[in-house]
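Geometric and topological summary
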There are 2 protein chains.
Amino acid sequence: MRRSNLALVLRHLRDAGPRSRAGIAAETGLNKATVSSLVAELVERGLAREGELDRAGSVGRPGTIVELDGRGVGGVGVEVNVDYLTALALDLTGTVLFEQRVALDVQALPPAKVLDATAELAARALRECRRLKVAPVGLTLAIPALVDVEAGTVAFAPNLHWTDVPVVTGLTERLTQRLGRLGFPIRMANDANLGALGEHAMGSVAGTADLVYLTGEIGVGGGVISGGRLLGGAEGFSGEIGHIQLDPNGRRCGCGRRGCWETIVGLAGMLRLAAEPNDPVHDPSLDLEQRLDMLRRRAELKDRRTLDALAQVGTGLGIGAAVLVNVFNPRVVLLGGYFAQLGPYLLGPMMAELKARVVAPDIGGCRVELSWLGFSAASRGGANVALDAVFDDPARVAAGAGAGERDSG
Amino acid sequence: MRRSNLALVLRHLRDAGPRSRAGIAAETGLNKATVSSLVAELVERGLAREGELDRAGSVGRPGTIVELDGRGVGGVGVEVNVDYLTALALDLTGTVLFEQRVALDVQALPPAKVLDATAELAARALRECRRLKVAPVGLTLAIPALVDVEAGTVAFAPNLHWTDVPVVTGLTERLTQRLGRLGFPIRMANDANLGALGEHAMGSVAGTADLVYLTGEIGVGGGVISGGRLLGGAEGFSGEIGHIQLDPNGRRCGCGRRGCWETIVGLAGMLRLAAEPNDPVHDPSLDLEQRLDMLRRRAELKDRRTLDALAQVGTGLGIGAAVLVNVFNPRVVLLGGYFAQLGPYLLGPMMAELKARVVAPDIGGCRVELSWLGFSAASRGGANVALDAVFDDPARVAAGAGAGERDSG
């Protein structure tokens, strides 16, 4: 009971922001003595701290404001995608401690080599946490795959060409070799689902209860928040939207089928439309954002081929998104990955298709927005999922452990 | 606090079945004295009753079993569809008190005439409740439409050709004229969403947490249960799956677009494939189940045209359902409406398409099942939704009101 009330107060500080003990008591339904005792415990564990005095409407003694702390507790998110790896570390207050993306042609490498490079990048993030005196409580790996979460294996990753790869075991071994015993769990989940969680937690439309997140990479992934919760599905395989068939006679997809949505609007399809095969925008050894910036500059200079390609992709985006809007009736369709970076050139044709195809008058009040988090959404979501362990059970953080030494050293 | 604990105990009796007071206390976390007092109040209100003695593992005095009652409390569901009206009344124990379907060519009538016929049928259900000494706590109208639930209006019903029709007001007026002051609320919701709730509450796959329910009528409706909850959407417009475009050059749909899924697998499309225009299976004045039985007999007699039509519809069902299975990863796709009645002829070709199109190995552990509730699912769901008022706040039922007099008179 006390443990779950401790979690209740910590989550309330995260969701509702700094406030007085009296405010916490009134809003959670706990009595004031209990709240004081719980806050004392959170402060002791370094997960909350006293802030300034609360003078609002005070008649008696002014109470102090309590706010979320946890600068000594970290969560790490790592993403393996077709063209890059990303790692990002957050502390409990949401401050980014480490963020890095490296270009990697994952399709050209065997899984063992990819895991080597992933472990190298993850170790860098973890060493930075150590340097900052932040104790990681978990690491979540994001991957464009059907993930068997329980087993920690990739069941099937069409665009990586991986089947039944024991990724969590492989990564744990490699990280242990580099850093010794880890002392925290490694988990894995679908990249787009984690991206949706990252956007829902801290993106441009954070807190939107009904959200369809579309991420444009080589594949097209979808993560759906419905009624404030991630739509998981019976096996956690939901959101495989890239394989909606839009053209039975279309191009062969990584999944083996024809004319899937991602053959039309995925990164490879877009680049094929936009540039000749020998154009540097195709070079997987260059950073993806730089390659996309080249295209954006061409579009700004009104290069016909680039503009035509983006208009065609925008139309394709609208055709597929209309299916999802009819099915989910979201408040927002959020474009992530490369869609966000080239969004200004995609939105017009996309909206035209949505207006023509969505059944609800005025497309059911749905807006299309561009992600601010871009290619970091999935690793942010992963770091947030790792930190959920603390919000679910603050008592797992030992007294004196959570405050860190960054500000006090 | 007491009201919400009262609701907790009543829902526990519904979901977990008859059990001792000690069992209720252990399973809900309430203390035994509180449970005894809450049970006494539920018994007084006629919502629970004492059953037989519980002798299982008893050392001391055997406790009596408590079970859900509420035979004096009713919920009514009424469905308006393209070809028929349905009304169904349930008491709180889930016993069907009244069920009737009447053929009606709704497209050929103005909304006012349809509401007259609907009120007539609903009044019949309510009079039967009165005769059985059952007090209705609510009536829910199911309709194949985008429903503005707050306003009680149909925003848009493509297959009824209704736009902005104030249905709840119209029905309330007509019922009040017939029966006097009603004393309970009338609500309206989408037919497929209510069907999914009806199936989830009391159908062949009741309790399945991840369920896609497809109902075949003139339109094709979808209701999705995800993680045990109905997927609503930002405006309650989710599940408009009938308008997924499968053929850009296809037939004109009721929604004004071309090649929507329901033009291929909806009832009208299926009947067009299966029989000449003058065939009696097209006659909307005949009961729909009888018309479908004609087709089933022809299929059993291996009539080539009928079998070809059903195979083609089964293939179309699989093509569209694959999109939904990729997006939702449900445990079960449940076929309702006419799909259930002709299911044995649809399943083979449907499964072949699913296997070819779903990304997850072995289609993500998804089964396809046929509804037992058939055309009554939506009105059952509506009656259940009406009864939720009692499960949310049992204190709304006056003492002595809930037990009814059917068994004691």
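Residues numbered from 1 in each chain as written. Chains lettered and ligands numbered in written order. Predicted model: local features only at pLDDT ≥ 70, side-chain atom pairs only at ≥ 80, totals over all residues. Heavy atoms only, no water.

Per an unreviewed UniProt entry, chain A carries the name ROK family transcriptional regulator and comes from Amycolatopsis carbonis.

Across the contact, 36 residues belong to chain B and 36 residues belong to chain A. Both faces considered, chain B and chain A share a buried interface measuring about 3,200 Å² in area, 56% of it formed by carbon and sulfur atoms. Taken as a group, B:Arg257, B:Val327 and B:Val359 account for 19% of the area that chain B buries against chain A, more than any other trio of residues on that side. Seen at the junction of chain B and chain A, the total is two salt bridges. With a shortest N-O distance of 2.9 Å, B:Arg331 and A:Glu235 are connected by a salt bridge. (Contact = heavy atoms within 4.5 Å. Buried area = accessible area lost by both parts, 1.4 Å probe. Salt bridge = Lys/Arg side-chain N within 4 Å of Asp/Glu carboxyl O.)

Residue and element names in this part refer to chain A. Its identity as a non-glycine residue notwithstanding, lysine 133 has a phi of 60°, on the positive side. As for its position among the elements, lysine 133 is in the loop between helix H4 (111-131) and strand S7 (135-143). Phi angles above zero are rare outside glycine, and asparagine 329 is one such case at about 50°. Mapped onto the fold, asparagine 329 is located in the loop between helix H10 (304-328) and strand S15 (332-337). (Helix = DSSP H or I, 4+ residues; strand = E, 2+ residues; numbered from the N terminus.)

Attention shifts here to the relation of the copies chain B and chain A. Note that the two copies of the chain are related through a rotation about an axis and a translation along the same axis. Mapping chain B onto chain A leaves a residual RMSD of 0.0 Å; the transformation is a rotation of 180° accompanied by 0.1 Å of translation along its axis. In symmetry terms, the pair is related by a two-fold rotation axis. If distances are taken from each C-alpha of chain B to the rotation axis, the shortest is found for B:Leu246, at 3.8 Å. Interface overlap between copies: 100% of the residues of chain B at the interface are likewise at the interface in chain A, consistent with a symmetric, same-surface contact. (Least-squares fit on C-alpha atoms with pLDDT ≥ 70 in both.)

Turning our eyes to something else, we now look at the sheet that holds strand S14 (residues 229-230) of chain A. Residue and element names in this part refer to chain A. Taken in spatial order, the five strands line up as S14-S13-S12-S15-S16 in an open sheet, and their pairing is mixed. Only two strands of the sheet have a single neighbouring strand rather than two, namely S14 and strand S16 (367-370). Sheet analysis places strand S12 (residues 211-216) next to S15, joined by six bridges and oriented parallel. Each residue of the ladder has a partner; that of glycine 216, found in S15, is glycine 337. The sheet contacts of helix H6 (residues 191-202) involve S12, strand S13 (220-226), S14 and S15, and relative to S13 the element is tilted by about 50°. (Pairing = 2+ DSSP bridges. Axes fitted to C-alpha atoms, helices over the stretch in contact; angles between N-to-C directions.)

Further remarks concern the nonpolar core. Among the nonpolar cores identified, the biggest contains 187 residues, and A:Leu214, A:Met270, B:Leu214 and B:Met270 are the most heavily contacted of them. Ignoring anything within four residues of it in the chain, the contact list for A:Met270 reads A:Leu292, A:Leu295, A:Ala309, A:Leu310, A:Val313, A:Tyr338 and A:Leu342. (Core = buried A, V, L, I, M, F, W, Y, C linked by side-chain atoms within 4.5 Å. Buried < 20%, exposed > 50% of the residue type's maximum accessible area, 1.4 Å probe, protein only.)

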